[in-house]
Amino acid sequence: SSTQSAVILKLPGSANLYYVFTVNENFGTIGYSIVDMTLQGGNGDVTTKNTFIASNVAEKICAIRHANNIDWWIIVHNNTINEYSAYLHTSAGLTLTPVNSVGLNLTSNSFIGYLEANGAGTTIAAAFWNDVVEFQIYDFDDATGTITNPLTMPYHPYSSGAYGVEFSPSGQYLYTTLITPGEVRQYDLWAGNNAAILASEVLVGTCSNSFNGGMSLAPDGKIYIAQYGIKYLAVINNPDAPGLACNFVDLGYNLGAGTGSLGIPNFPSDIFSLK
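How each quantity is defined
- Residues numbered from 1 in each chain as written.
- Predicted model: local features only at pLDDT ≥ 70, side-chain atom pairs only at ≥ 80, totals over all residues.
- Heavy atoms only, no water.
- Helix = DSSP H or I, 4+ residues; strand = E, 2+ residues; numbered from the N terminus.
- Rg over C-alpha atoms; globule rule 2.2 N^0.38 Å.
- Contact = heavy atoms within 4.5 Å.
- Lys, Arg positive; Asp, Glu negative; His and termini not counted.
- Charge placed at Lys NZ, Arg CZ, Asp CG, Glu CD.
- Pairing = 2+ DSSP bridges.
- Axes fitted to C-alpha atoms, helices over the stretch in contact; angles between N-to-C directions.
- Phe/Tyr/Trp six-rings, centres within 6.5 Å; stacked < 30°, edge-to-face > 60°.
- Salt bridge = Lys/Arg side-chain N within 4 Å of Asp/Glu carboxyl O.
- Buried < 20%, exposed > 50% of the residue type's maximum accessible area, 1.4 Å probe, protein only.
- 1 Å grid on protein atoms, 1.4 Å probe; cavity = no way out; pocket = protein on both sides within 12 Å on 5 of 7 lines; lining within 4 Å.
- Points joined across faces, edges and corners; volume = space filled by probe spheres on them.

1. Points about the overall build of the protein chain
Stage number 1. Scanning the protein chain from N- to C-terminus turns up one helix and 20 strands.
Stage number 2. Relative to the 2.2 N^0.38 estimate, which gives 19 Å for 275 residues, the radius of gyration of the protein chain is 18 Å and therefore close to what a compact globule would have.
Stage number 3. Seen along its three principal axes, the alpha-carbon backbone of the protein chain occupies a region of about 45 × 45 × 35 Å.
Stage number 4. Looking at the protein chain alone, contacts between residues at least 24 apart form 47% of all its contacts between residues at least 6 apart.
Stage number 5. Of note, the protein chain has its 8 positive side-chain charges centred 8 Å away from the centre of its 20 negative side-chain charges.

Take a look at the structure:
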């Protein structure tokens, strides 16, 4: 039941091998399994299962393409060392010695919340539920795997906590969700200095069920937002437009017979972006 249960990546240079990176709930472990799609008549089968990588990691995981446009970085937050850990994923497999960078001392339930990167792989955003630090953004070096320059976003004491983060296709705008009261905010990351970024905050909408969760950029260029216990996703129709022009729609996509929870699929950072 972790916030971001998994992210799936093809082994660089392979046409058929996929790595499924998983994180457990709470301060659990990160591990991986390998799927070979040539097996079971092309349906695929697991050949390596639950290989241990590290313990005491938060419920956050994202994948960022390396500067060489071939390899990948797998990013988690390790609370043993209060740092982010970036693992390099190459054609040889996963490098088990990570690049460690600035992080937080996560407490209470702040291990909950999404971790996402922009499509260019230069900026990371993280949500920390039930913490006085609700959201932070960082610079990311996709050549070295280092994370620097944390910027803490404004705190909203009336909320039950932060949960979702997502970037617009261009990377100009960051969107955040507060799990209750279901508010969605936009920040202009191209506004200039840190003070200008913080001052650019706009409340673009509120989910009517007052209980929203994760966000994901989709192939159609829209951002979809999970809403707990109802059969609708909220939608940001024009995420690269400023303020209310982004066109947030509360009951924007009908799931049909199913109902949503807090999660939404976790994709590599550049898969739907304008890189």
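2. With respect to the sheet that holds strand S11 (residues 135–140)
Stage number 1. The antiparallel open sheet is built from four strands, whose spatial order is S9-S10-S11-S12. Edge positions in the open sheet fall to strand S9 (115–117) and strand S12 (147–152), since each of these has one partner strand only. Looking at each pair of strands side by side, their axes are set apart by 25° on average, direction ignored.
Stage number 2. Here strand S10 (residues 123–127) pairs with S11 via five bridges, running antiparallel. Directly across from Thr 123, in S11, lies its bridge partner Asp 139.

3. Considerations on the sheet that holds strand S20 (residues 248–254)
Stage number 1. Spatially, four strands are ordered S17-S18-S19-S20 in an open sheet, and the strand pairing comes out antiparallel. Either end of the sheet is taken by a strand with one partner, and the two such strands are strand S17 (212–217) and S20. Between one strand axis and the next, the sheet turns by 35° as a mean value, whatever way the strands run.
Stage number 2. Pairing geometry for strand S18 (residues 223–227) and strand S19 (residues 232–236), over three bridges, is antiparallel. By the bridge assignment, Ile 223 is partnered in S19 with Ile 236.

4. Overview of the packing of aromatic side chains
The relative placement of two aromatic rings is captured by the distance of their centres and the angle of their planes.
Stage number 1. Tallied over the full model, the rule gives eight aromatic pairs.
Stage number 2. Geometrically, the ring pair formed by Phe 21 and Tyr 32 is tilted, given 6.1 Å between the ring centres and 55° between the ring planes. With Phe 21 in strand S2 (residues 17–23) and Tyr 32 in strand S3 (residues 28–36), this residue pair connects regions lying eleven residues apart in the sequence.
Stage number 3. Following the ring pairs from residue to residue traces out a cluster consisting of Tyr 19, Phe 21 and Tyr 32.

5. Looking at the pattern of salt bridges
Stage number 1. Scanning the entire structure with this criterion turns up three salt bridges.
Stage number 2. Between Arg 185 and Glu 183 there is a salt bridge, and its shortest N-O distance comes to 2.6 Å. Across this residue pair, the class does not change: Arg 185 and Glu 183 are buried.
Stage number 3. Its salt-bridge partner being Arg 185, residue Glu 201 comes within 3.2 Å of it at the nearest N-O pair. With Glu 201 in the loop between helix H1 (194–199) and strand S16 (202–206) and Arg 185 in strand S15 (residues 183–188), this residue pair connects regions lying 16 residues apart in the sequence.
Stage number 4. Among the residues examined, Glu 201 registers a relative accessible area of 28% and is labelled partly exposed.

6. Description of unusual backbone geometry
Stage number 1. Across the junction of Thr 180 and Pro 181, the peptide omega takes the value 20°, indicating a cis bond.
Stage number 2. Tracing the backbone through its elements, the reader meets Pro 181 in the loop between strand S14 (173–178) and S15.
Stage number 3. The phi dihedral of Gln 40 is positive, around 55°, even though this residue is not glycine.
Stage number 4. Structurally, Gln 40 is set in the loop between S3 and strand S4 (45–65).

7. Regarding empty space enclosed by the protein
Stage number 1. All told, the structure shown has one cavity of 30 Å³ or more when counted by the stated rule.
Stage number 2. Of the volumes computed, that of the largest cavity is approximately 120 Å³.
Stage number 3. In terms of lining, the largest cavity is formed by 15 residues, of which the most central are Glu 116, Glu 166, Leu 217, Pro 268 and Ser 269.
Stage number 4. Elements supplying a minimum of two residues to the lining of the largest cavity: S9, strand S13 (162–167) and S17.

8. Re the pairing of S2
Stage number 1. Taken together, the five bridges between strand S1 (residues 6–10) and S2 define a ladder with antiparallel strand orientation. Within the sheet, the bridge partner assigned to Val 7 lies in S2 and is Phe 21.
Stage number 2. Linkage of S1 to S2, two consecutive antiparallel strands, is achieved through a turn of six residues, within which Gly 13 is found at a positive phi near 90°.
Stage number 3. In this sheet, S3 lies alongside S2 in antiparallel orientation, the contact comprising seven bridges. Within S3, the position partnered with Tyr 19 by the bridge is Ile 34.
Stage number 4. If you look at the hairpin formed by S2 and S3, you'll find four residues sitting between the two strands, and Asn 26 has a positive phi there, around 60°.

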